[in-house]
2 protein chains.
Amino acid sequence: MIIRDFNKLIEDEKSRVVSDANWTSVRMLLADDGMGFSFHITFLEAGSEHTFHYKNHFESVYCMQGKGRITDLATGEVHEIKPGVMYALDKHDKHTVVADEELIMACCFNPPVTGKEVHREDGSYALEDA
Amino acid sequence: MIIRDFNKLIEDEKSRVVSDANWTSVRMLLADDGMGFSFHITFLEAGSEHTFHYKNHFESVYCMQGKGRITDLATGEVHEIKPGVMYALDKHDKHTVVADEELIMACCFNPPVTGKEVHREDGSYALEDA
């Protein structure tokens, strides 16, 4: 059984806290935990906008706090994000998220993120071997 | 892209809301969504105690609200559950959860739950074909 406390990780395991332009992600579970998915608590700063395209991953994102919008760049559709709303990128959907207020999200990735990926210029995560 | 709103599901898609003895689970993602994991928001009533043993699944559980305890029945170890604490059953660990206050948890299952499982007497979920 793995037990991890978000509030301890952000103090004592800085390697699990990853930040980039206006977002921070705390990796609660990564590939080497052997669960077959990874689980992250992610913060998007108020006023920020992010375009991602996870070509190699499925991701679900559940809003725990905040307010914003997601645009499906394939269709142009815009969906409100607020507590209780989940979006799931079942078609590796390229998308833009805008945080009108700080968004705090619970995110699952399949395949699991290893922690070694970088966001590439095209908005995707490379697979470790890619 | 799948968009689901917890607050709409509990009103309009009752088939996604499953209750048993002192717990309720809202299935935000199931196997047929094709994500390779399922994602549930689960409520354990204040004062309730639950013993589960997911012999066929890995599960991670992130506490969003409430207070309680988990006992690893293999070792006897007890861990506090409070907001920010996650437990992950990477060894299909048999465990008992006690909710001192109502617990609201974000849960991921691999393989994904189909929605057709029942908790068996041994505390496990059967696989659909098992």
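Residues numbered from 1 in each chain as written. Chains lettered and ligands numbered in written order. Predicted model: local features only at pLDDT ≥ 70, side-chain atom pairs only at ≥ 80, totals over all residues. Heavy atoms only, no water.

- Chain A goes by L-ectoine synthase in an unreviewed UniProt entry, where it is assigned to Pseudooceanicola algae.
- In its Pathway (unreviewed entry) section, the UniProt entry covering chain A states "Amine and polyamine biosynthesis; ectoine biosynthesis; L-ectoine from L-aspartate 4-semialdehyde: step 3/3."
- The Sequence similarities (unreviewed entry) field of the UniProt record for chain A holds the comment "Belongs to the ectoine synthase family." (UniProt positions renumbered as here; feature names shortened; annotations may be inferred.)

### Observations regarding the layout of surface pockets
Any empty space left between atoms is shown by rolling a water-sized probe over those atoms.
Phase 1 of the analysis: Of the volumes computed, that of the largest pocket is approximately 150 Å³.
Phase 2 of the analysis: Taken together, Ile3(A), Arg4(A), Asp5(A), Lys8(A), Leu9(A), Glu13(A), His79(B), Glu80(B), Lys82(B) and Val85(B) form the lining of the largest pocket.
Phase 3 of the analysis: Mapped by element, the contributors of at least two residues to the lining of the largest pocket are β1 (2-5) and α1 (6-12) of chain A together with β8 (78-81) of chain B. (1 Å grid on protein atoms, 1.4 Å probe; cavity = no way out; pocket = protein on both sides within 12 Å on 5 of 7 lines; lining within 4 Å. Points joined across faces, edges and corners; volume = space filled by probe spheres on them. Helix = DSSP H or I, 4+ residues; strand = E, 2+ residues; numbered from the N terminus.)

### Quick look at the side chain of His95(A)
Phase 1 of the analysis: Along the chain, His95(A) falls in strand β10 (residues 95-99).
Phase 2 of the analysis: Look at His95(A) and you get buried, because its relative accessible area is 0%.
Phase 3 of the analysis: Looking at His95(A), its side chain comes within polar contact range of the main-chain oxygen of Asp93(A), at 2.9 Å.
Phase 4 of the analysis: The residues contacting His95(A), other than those within four sequence positions of it, are His50(A), Thr51(A), Phe52(A), Tyr54(A), Ile70(A), Thr71(A), Leu73(A), Tyr87(A), Leu89(A) and Met1(B). (Buried < 20%, exposed > 50% of the residue type's maximum accessible area, 1.4 Å probe, protein only. Polar contact = N/O pair within 3.5 Å; in protein donor to acceptor, adjacent residues only side chain to side chain. Contact = heavy atoms within 4.5 Å.)

### A few points about the interface of chain B and chain A
A common measure of how large an interface is: the accessible area buried when the components associate.
Phase 1 of the analysis: Between chain B and chain A, the residue contacts involve 39 residues of the former and 39 residues of the latter.
Phase 2 of the analysis: Buried area between chain B and chain A, both sides added, is near 3200 Å², and the carbon and sulfur share of it is 70%.
Phase 3 of the analysis: On the chain B side of the contact with chain A, Met1(B), Met35(B) and Met86(B) bury the most area, a combined 24% of that side's loss.
Phase 4 of the analysis: Taken together, chain B and chain A are joined by zero salt bridges.
Phase 5 of the analysis: Our enumeration of links across chain B and chain A arrives at 12 residue pairs in polar contact (both at pLDDT 80 or more).
Phase 6 of the analysis: For the side of chain B that touches chain A, the secondary structure elements donating two or more residues are β1 (2-5), α1 (6-12), β3 (23-29), β4 (38-44), β6 (58-65), β7 (68-72), β9 (85-88) and β11 (103-110) of chain B.
Phase 7 of the analysis: Per-element accounting of the side of chain B that touches chain A gives the leading share, five residues, to β6(B).
Phase 8 of the analysis: Among the residues making up the side of chain B that touches chain A, the classes are represented as 22 nonpolar, eight polar and nine charged.
Phase 9 of the analysis: In this structure, β1(A) lies alongside β9(B), joined through four bridges in antiparallel fashion. (Buried area = accessible area lost by both parts, 1.4 Å probe. Salt bridge = Lys/Arg side-chain N within 4 Å of Asp/Glu carboxyl O. Nonpolar A, V, L, I, M, F, W, Y, C, P; charged D, E, K, R; others polar. Pairing = 2+ DSSP bridges.)

### Side note on the pairing of β3(B)
Residue and element names in this part refer to chain B.
Phase 1 of the analysis: Of all seven residues in β3, six are buried; the element is thus mostly enclosed.
Phase 2 of the analysis: As paired strands, strand β2 (residues 17-20) and β3 are joined by four bridges and run antiparallel to one another. Bridging from a neighbouring strand, valine 17 pairs with valine 26 of β3.
Phase 3 of the analysis: Linking β2 back to β3 in an antiparallel pair, the connection comprises two residues, with asparagine 22 at a positive phi of about 65 degrees.
Phase 4 of the analysis: Bridging between β3 and β4 involves six bridges; their strand directions are antiparallel. Counted as the bridge partner of threonine 24 is phenylalanine 43 from β4.

### What about the relation of the copies chain B and chain A?
Here two copies of a chain appear, and what relates them is a rotation about an axis with a shift along it.
Phase 1 of the analysis: With an RMSD of 0.0 Å, the fit of chain B onto chain A corresponds to turning through 180 degrees and sliding 0.0 Å along the axis. A rotation of that kind, with that shift, is consistent with a two-fold axis.
Phase 2 of the analysis: Both copies contact each other with a shared surface, as 100% of the interface residues of chain B are interface residues in chain A too. (Least-squares fit on C-alpha atoms with pLDDT ≥ 70 in both.)

### Some thoughts on the nonpolar core
Phase 1 of the analysis: Membership of the largest hydrophobic core comes to 34 residues, with the highest contact counts inside it found for Met28(A), Phe39(A), Ile41(A), Met28(B), Phe39(B) and Ile41(B).
Phase 2 of the analysis: Not counting the four nearest positions on each side in its chain, Ile41(B) is found in contact with Tyr62(A), Phe6(B), Thr24(B), Ser25(B), Val26(B), Met28(B), Met64(B), Ile104(B), Met105(B) and Ala106(B). (Core = buried A, V, L, I, M, F, W, Y, C linked by side-chain atoms within 4.5 Å.)

### Observations regarding the pattern of salt bridges
Phase 1 of the analysis: Scanning the model with the defined rule gives eight salt bridges over all chains in all.
Phase 2 of the analysis: As a salt-bridge pair, Arg69(A) and Asp100(A) come within 2.6 Å of each other at their nearest N and O atoms. Linking Arg69(A) in strand β7 (residues 68-72) with Asp100(A) in the loop between β10 and β11 (103-110), this pair joins segments that are 31 residues apart in sequence.
Phase 3 of the analysis: Judged by its relative accessible area of 37%, Arg69(A) is partly exposed.
Phase 4 of the analysis: Taking the shortest distance from any N to any O, the salt bridge between Asp33(B) and Arg4(B) comes out at 3.0 Å. One end of the pair, Asp33(B), is in the loop between β3 and β4; the other, Arg4(B), is in strand β1, with 29 residues separating them in the sequence.

### A word on unusual backbone geometry
For residues that are not glycine, phi is negative in most cases, and the peptide bond is trans in most cases.
Phase 1 of the analysis: In this chain, Asn110(A) is followed by Pro111(A) through a cis amide linkage whose omega measures -5 degrees.
Phase 2 of the analysis: For Pro111(A), the position within the fold is in the segment after β11.
Phase 3 of the analysis: We note that Asn22(B) has phi near 65 degrees; this positive angle belongs to a residue other than glycine.
Phase 4 of the analysis: Among the secondary structure elements, Asn22(B) is positioned in the loop between β2 and β3.

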